[in-house]
Amino acid sequence: MYEDLLNIVLGVVATGVSASLGWIARTALWRRKQAFFGLPGNAECVLVVNREAGREGAVHRFDVFALLELSALIKGCGAHARIVQHDLAHQGFGERTEFCVGGPGSNQRMEAHLRTLVPGLSVSTDPEPVEDRSLLVIGSERYRMDPGTSEYVILARLTAGEGARPVFLFCGQRAITNQAATRYLVRHHEKLARKYGTDGSFVLLLKVVNSQAYGPDVVELVADVTRTARSAPVVEAG
């Protein structure tokens, strides 16, 4: 009987220790998630939305889906989001976390971020020639899209200095690629936090494969282009 009682006590203790360790591990992961996104409990962040091409004030449905995914992520960190239109976001960066969605052709805020934070990267906003529409240039490399088949998007986490809250950029060649980048971030944020830390910057080039069949779900990591994107382009002497 004594041995039975001892086994019961040991079982209860083991269960309690296991539950405690599990709680500690989950709490640590949640804290790291909050730190990676710069979203401590009850913090406020900004969602900067773009407009749909040719429609003043309208947001493309895929960008709306991207915002919904980001909103769920923000809520999961115990934080709150404030939505701001791209042409009304007249503020600096670093004071609060910012999620900026859309290419420079539909998002003035994104255009400013590209010039200031990633000068080695550009996205064409010219409608002609058609084959170069939304052409993505990183250093000396050029990435053209094949709509519905092969498209590219930039996912970036950038900080302005120690202690500053991050700016997340989702800058794609089409609206569906913006959603693909937000989904990639949601799925891989733990891996990214382990690789880059909770205060590191990165600029990733992603490729969205066959979106006409698979939507925003099939995404490949092409390259980490942080160094090239954050370096000012070399100007050749005339």
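Conventions we followed
- Residues numbered from 1 in each chain as written.
- Predicted model: local features only at pLDDT ≥ 70, side-chain atom pairs only at ≥ 80, totals over all residues.
- Heavy atoms only, no water.
- Core = buried A, V, L, I, M, F, W, Y, C linked by side-chain atoms within 4.5 Å.
- Buried < 20%, exposed > 50% of the residue type's maximum accessible area, 1.4 Å probe, protein only.
- Helix = DSSP H or I, 4+ residues; strand = E, 2+ residues; numbered from the N terminus.
- Arc of directions from axis to C-beta.
- Contact = heavy atoms within 4.5 Å.
- Polar contact = N/O pair within 3.5 Å; in protein donor to acceptor, adjacent residues only side chain to side chain.
- Phe/Tyr/Trp six-rings, centres within 6.5 Å; stacked < 30°, edge-to-face > 60°.
- Lys NZ or Arg CZ within 6 Å of the ring centre and 35° of its normal.
- Disulfide = S-S within 2.5 Å.
- Patch = residues over 30% accessible without salt bridge, like charges linked within 9 Å, V, L, I, M, F, W, Y side chains within 5 Å.
- Areas by Shrake-Rupley, 256 points an atom, 1.4 Å probe, with all protein chains shown as cover.
- Salt bridge = Lys/Arg side-chain N within 4 Å of Asp/Glu carboxyl O.

S.K.: I'd love a proper account of the nonpolar core, names of residues and values included.
M.R.: Core analysis: the biggest nonpolar cluster contains 30 residues, and Phe 36, Phe 37, Leu 39, Phe 99, Leu 155, Phe 170 and Leu 185 have the highest contact counts within it. The set of elements that each furnish at least two residues to this core consists of α1 (2-37), β1 (44-49), α2 (61-76), β3 (98-101), β7 (150-158), β8 (167-172), α4 (175-196) and β9 (202-209). A per-element tally of this core places α4 first, with seven residues. Ala 89, Ile 138, Tyr 143 and Ala 156 belong to the second-largest nonpolar core, a separate cluster that totals 25 residues.

S.K.: Go over helix α3 (residues 108-117), please, and point to the residues and values.
M.R.: Along α3, the residues that are buried comprise Arg 109, Met 110, His 113, Leu 114 and Leu 117. Projection of α3 onto a plane perpendicular to its axis shows the buried side chains occupying an angular sector of 140°, all on one side. Opposite the buried face of α3, at more than 90 degrees from it, the exposed residues are Arg 115 and Thr 116. Considering only its buried residues, α3 is in contact with β1, β3, β4 (121-123), β7, β8 and α6 (226-230). Put simply, Asn 107 is the residue that caps the front of α3, since its side-chain oxygen is 2.9 Å from the backbone nitrogen of Arg 109.

S.K.: Pulling in residues and values, what's your account of the packing of aromatic side chains?
M.R.: Under the definition given, this model contains nine aromatic pairs. Both rings, one in Phe 36 and one in Phe 202, keep their centres 6.3 Å apart while their planes meet at 15°; by these two values the pair is stacked. Of this pair, Phe 36 sits in helix α1 while Phe 202 sits in strand β9; the two residues are 166 residues apart in sequence, bridging distant segments of the chain. Looking at Phe 36, the relative accessible area reads 1%, which means it is buried. Among the aromatic residues, those joined into a cluster by ring pairs are Phe 36, Phe 37, Phe 99, Phe 168, Tyr 196 and Phe 202. The ring of Phe 62 has Arg 61 sitting right over it, with the charged end atom 4.4 Å from the ring centre. In this structure, Arg 157 packs its charged tip against the face of Phe 36, placed 5.1 Å from the ring centre.

S.K.: Describe the state of the cysteines, and please don't skip the residues or the numbers.
M.R.: One pass over the structure, following the stated rule, counts zero disulfides. Cys 171 supplies the cysteine sulfur nearest to Cys 100, a cysteine that is in no disulfide, at a spacing of 8.4 Å. A relative accessible area of 0% means that Cys 100 is categorised as buried. Residue class for Cys 171 comes out buried when judged on its relative accessible area of 2%.

S.K.: Report on a nonpolar patch on the surface, specifying residues and quantitative values.
M.R.: On the surface, a cluster of nonpolar side chains totalling about 250 Å² of accessible area is made up of Val 64, Phe 65 and Leu 68. Tracing the chain through its elements places Val 64 in helix α2. Note on Val 64: relative accessible area 33%, which makes it partly exposed.

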